[in-house]
Amino acid sequence: MATMRYQQALRLAMTEEMERDPDVFLCGEEVGQYQGTYRVTEGMLDKFGPRRVVDTPISEIGIAGMATGSAMVGLRPVAEFMTWSFALEAMDQLVNHAAKITYMSGGRIRCPVVFRGPAGVGTQLSAQHSQSMESWYAHTPGFKVAMPATATDAKGLLKTAIRDDNPVIFMEHAGLYGLQGDVPDDPEYLVPFGKAAVRRAGVHCTLVSYSRGVHLCLKAAERLAAEGIDCEVIDLRTLVPLDMDTVLESVRKTHHAVAVHEEWRNVGFAAELSARIHEQAFDDLDAPVLRVAGADVPMPYAKNLERAAIPTDNDVIAAVKKTLA
Amino acid sequence: MANTTVERTAEDDILGHDLQHIYRTMLLTRRLEESVYRKFHEAKIGGYLHRYDGMEGLVAGIIPLLELPGDYVLSTYRDHAHAIFCGTPAKEVLAELMGRATGCAAGKGGSMHLTDPVRGFLGGDGIVGGPVPVSLGVGYALKYRKSRNICVCYFGDGAMNQGGVHEAFNMVGLFRLPVLYVLENNGYAMGTSLQRSTGQTDFVLKAEAHGIAGERVDGMDVLHVLKVARKAIDRMRDTGEPYFLQIDCERFVGHGIGDDNTKAWTTYRTQAQIDEARKRDPIVLLYNALSARGLLSDADAERMDAEVAAEIEEAIAFAESSPEPPLDSLYENVYS
């Protein structure tokens with residue numbers, strides 16, 4: 001066990017998998033010589049060489065095609081999008097090719113590719129650099145979607161992603177790259193997909209989130225505890241496959257739920273959670289499921305406006321109190 | 001008598017190739033294409049349907065030269081002929097077109113997404129320009145593995161205007177990957193002619209601009225395509241360098257099922273233009289060339305006609321009597 005940053009845990013995961021499996025390689029913009037724009041791939045070019053750590057031109061369609069095509073013939077690429085905002089350029093290769101080739105070929109062609117990179121808002125990067133679109137990818141049959149909230153999960157989930165034979169959308173959070181955590185040394189430490197983590201046990205209200213939203217929920221829960229309100233915080237870890245069992249078990253205990261994410265509220269993933277909880281646990285609910293999410297605006301630049309567009313622990317606390325009222 | 005060693009030419013190599021089989025396979029693809037509209041109007045085939053009539057030289061002149069499996073082929077939605085030339089049985093192609101469980105993609109793909117990965121055919125593609133970025137990945141994998149195999153990627157003149165094609169070309173040229181690009185230049189992107197869609201119509205120039213050498217080829221002359229492709233492929237196996245073939249050809253029928261009546265033709269092509277194009281039918285030209293070399297007699301050709309007709313009828317019967325995919329296969333293969 002070692003204490004390290006989320007960003008280092010990602011690097012450790014990739015390094016271990018590249019040492020273990022010669023078919024794993026990395027590609028993306030500035031991943032090699034520049035050492036990675038968030039230093040996630042720092043040192044990896046020196047360690048593995050340019051055949052396995054490929055600096056690409058600024059060509060997201062090319063990057064996605066390179067990863068999809070090489071996976072279709074048996075390599076295991078890990079393709080970085082510098083941010084998930086830039087992946088929009090590559091949507092056709094992602095959705096119409098990577099996600100669908102296994103189905104369209106009647107299961108005869110696999111696509112074991114990982115698309116990874118930072119999502120996350122809050123540093124005045126403005127509108128074009130401030131979206132993740134995880135609900136688009138979760139919406140698309142054929143993808144798996146993983147969004148680690150901790151350094152431990154950053155390693156465990158990325159290793160699972162690399163070993164998965166399916167295309168995985170792996171969304172890191174730029175605001176979590178510096179988050180410290182205990183990361184097992186074991187090169188076989190894997191966090192399975194489809195298994196949510198109960199980060200805090202509680203009895204009054206279920207808070208469901210993923211990525212940085214989990215920390216928001218934990219902060220809110222801590223403050224609410226001082227008022228005698230005991231929240232259970234669930235970290236989904238993966239949106240697809242989705243561990244509804246853990247969520248429903250919690251709701252059957254607490255009878256109240258709030259779904260939380262930073263991404264836009266309208267048609268966001270919380271809407272899916274809300275729908276499923278209502279469909280599958282209606283009789284266990286004492287109140288409708290509420291959602292805490294980002295404001296439905298292109299992210300403004302001004303610091304005060306941006307702050308107002310991103311959910312805070314105050315928003316989560318307000319939602320919990322509203323649902324308990 | 002002194003032993004003389006004669007330098008083996010590309011021509012000899014091709015003549016050593018089974019040209020009768022190539023001719024027969026062209027007949028097979030043509031008869032298959034001729035049968036599909038009939039089946040569509042019988043409501044046995046649904047969706048989109050894009051025929052390859054007139055363009056057979058582009059597959060006949062290249063795919064027989066490949067090492068399959070080992071090499072890879074990527075194609076467009078106009079992909080029936082590619083599947084056949086890669087070795088997919090006609091009955092599996094027709095069963096797929098009819099959405100049956102016995103289709104080459106288990107009824108999950110349809111006309112635009114035929115696949116046969118065991119034979120190296122990674123598939124057709126419903127997205128114009130879609131296979132080109134994918135070919136970059138296939139080429140990268142081949143170089144990564146230090147393989148002598150190549151990837152052949154077919155795409156059309158219309159696709160050359162898609163942005164992703166140029167991203168892929170730049171990266172293939174930059175990384176020097178073993179991809180053979182085959183531009184199926186039939187002069188029309190659906191109903192829009194080259195002249196109306198493309199400012200710079202010298203496609204070889206565009207490939208060269210990305211660092212990929214290339215040449216222009218007459219696709220109606222199969223022997224010519226074979227010669228050029230033989231040289232290009234041999235060189236690619238030795239050097240690992242990419243190459244580009246602009247192959248000019250004619251599409252004898254409309255773009256697809258919705259564009260195949262005389263009225264539609266007059267919106268962008270005249271009957272006279274079609275008739276003119278049909279004068280250089282690649283199958284007839286090949287017949288003439290083989291006949292002149294004593295490699296194909298009238299009797300051979302007639303026998304092949306009859307065999308192919310029977311094969312297609314048998315394939316249709318197979319497809320029509322095959323079951324649809326079971327309903328519980330709906331959710332299968334979403335994930336591996």
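Thresholds, definitions, all that
Residues numbered from 1 in each chain as written. Chains lettered and ligands numbered in written order. Predicted model: local features only at pLDDT ≥ 70, side-chain atom pairs only at ≥ 80, totals over all residues. Helix = DSSP H or I, 4+ residues; strand = E, 2+ residues; numbered from the N terminus. Rg over C-alpha atoms; globule rule 2.2 N^0.38 Å. Buried ≥ 20, exposed ≤ 12 C-beta atoms within 10 Å, placed from the backbone. Contact = placed C-beta atoms within 7 Å. Nonpolar A, V, L, I, M, F, W, Y, C, P; charged D, E, K, R; others polar. Domains from an automatic or database assignment. Pairing = 2+ DSSP bridges. Axes fitted to C-alpha atoms, helices over the stretch in contact; angles between N-to-C directions. Core = buried A, V, L, I, M, F, W, Y, C linked by C-beta atoms within 7 Å. Parallel < 35°, antiparallel > 145°, perpendicular 65-115°, else oblique. Left-handed = near helix turned anticlockwise from the far one by under 90°.

(A) Layout of the overall build of chain A. Within chain A, the regular secondary structure consists of 12 helices and 14 strands. Taking 325 residues into account, the globule formula puts the C-alpha radius of gyration at 20 Å, and chain A, at 19 Å, falls close to it. Its C-alpha atoms put chain A at 60 × 45 × 40 Å along the principal axes. A burial count over chain A gives 58% of its 325 residues as buried.

(B) View of the interface of chain A and chain B. Taken together, the 35 residues of chain A in the interface contact 33 residues of chain B. Contributing elements (two or more residues each) for the side of chain A that touches chain B: α3 (60-72), α4 (91-98) and α5 (101-104) of chain A. Broken down by element, the residue count for the side of chain A that touches chain B peaks at 10 residues, all from α3 of chain A. When its residues are assigned to classes, the side of chain A that touches chain B shows 13 nonpolar, 17 polar and five charged.

(C) Fine view of the domain arrangement of chain A. Residue and element names in this part refer to chain A. Once the domains are mapped, chain A shows domain 1 (2-183) and domain 2 (197-324). When each unit is reduced to the centre of its C-alpha atoms, the spacing between domain 1 and domain 2 is 26 Å. With 25 residues of domain 1 at the contact, the number on the domain 2 side is 22 residues. Listing elements by their share of the side of domain 1 that touches domain 2, those giving two or more residues are α6 (134-139), β6 (144-146), α7 (151-163) and β7 (168-173). Classifying every residue of the side of domain 1 that touches domain 2 by side-chain character gives 12 nonpolar, 10 polar and three charged.

(D) Broad picture of the sheet that holds strand β2 (residues 24-28) of chain A. Residues and elements named next belong to chain A. What the seven strands build is an open sheet, ordered β3-β2-β4-β5-β7-β6-β12; its pairing is mixed. Of all strands in the sheet, those with a lone pairing partner are β3 (53-55) and β12 (238-240), marking the two edges. Ignoring strand direction, the axes of neighbouring strands in this sheet form an average angle of 20°. Where β6 lies against β12, two bridges are found, and the strand directions are antiparallel.

(E) Representation of the nonpolar core. Residues Leu207 and Val316 of chain A together with Leu180, Val182 and Leu245 of chain B are the most contacted members of the largest nonpolar core, which totals 202 residues. Residues lining this core come from more than one domain, with at least three contributed by each of domain 1 (2-183) and domain 2 (197-324) of chain A. The residues contacting Leu207 of chain A, other than those within four sequence positions of it, are Cys217, Ala221, Cys231, Glu232, Val233, Ile234, Val258, Val260 and Val316 of chain A.

(F) Examining helix α5 (residues 90-97) of chain B more closely. All names here are of chain B. When you tally the buried positions in α5, you get eight out of eight residues, the bulk of the element. Among the residues of α5, Ala90, Lys91, Glu92, Val93, Leu94, Ala95, Glu96 and Leu97 are the ones counted as buried. The secondary structure elements touched by the buried residues of α5 are α2 (19-41), α4 (80-86) and α14 (298-321). Remark: Gly99 follows α5 within two positions and exhibits a positive phi of approximately 65°.

(G) Focus on the packing of α3 of chain A against helix α6 (residues 131-144) of chain B. Their axes nearest at 6 Å, the elements α3 of chain A and α6 of chain B cross at an angle of 55°. As summarised for this structure, α3 of chain A and α6 of chain B are arranged oblique, according to the angle between their axes. The crossing of α3 of chain A and α6 of chain B is right-handed. The segment α3 of chain A lies against α6 of chain B, with Ile61, Gly62, Ala64, Gly65, Met66, Ala67, Thr68, Gly69, Ser70 and Met72 of chain A engaging Pro133, Val134, Ser135, Leu136, Gly137, Val138, Tyr140 and Ala141 of chain B. A per-class count over the contact of α3 of chain A with α6 of chain B returns 11 nonpolar, seven polar and no charged.

(H) Examining the sheet that holds strand β11 (residues 231-235) of chain A more closely. Residue and element names in this part refer to chain A. Spatial ordering of the open sheet is given by β9-β11-β10-β13-β14, a layout of five strands whose pairing is mixed. Either end of the sheet is taken by a strand with one partner, and the two such strands are β9 (197-200) and β14 (290-294). Strand-to-strand, the axes of this sheet are offset by a mean angle of 25°, without reference to chain direction. In this structure, strand β10 (residues 205-209) lies alongside β11, joined through five bridges in parallel fashion. Residue Cys205 lies in a different strand from β11, and its bridge partner there is Cys231. In this fold helix α10 (residues 269-281) packs onto β10, β13 (257-264) and β14, with an angle of close to 160° to the strand it touches most, β13. Contacts between helix α12 (residues 313-324) and the sheet are confined to β10, β11, β13 and β14, with β14 contributing the most and set at about 165° to the helix.

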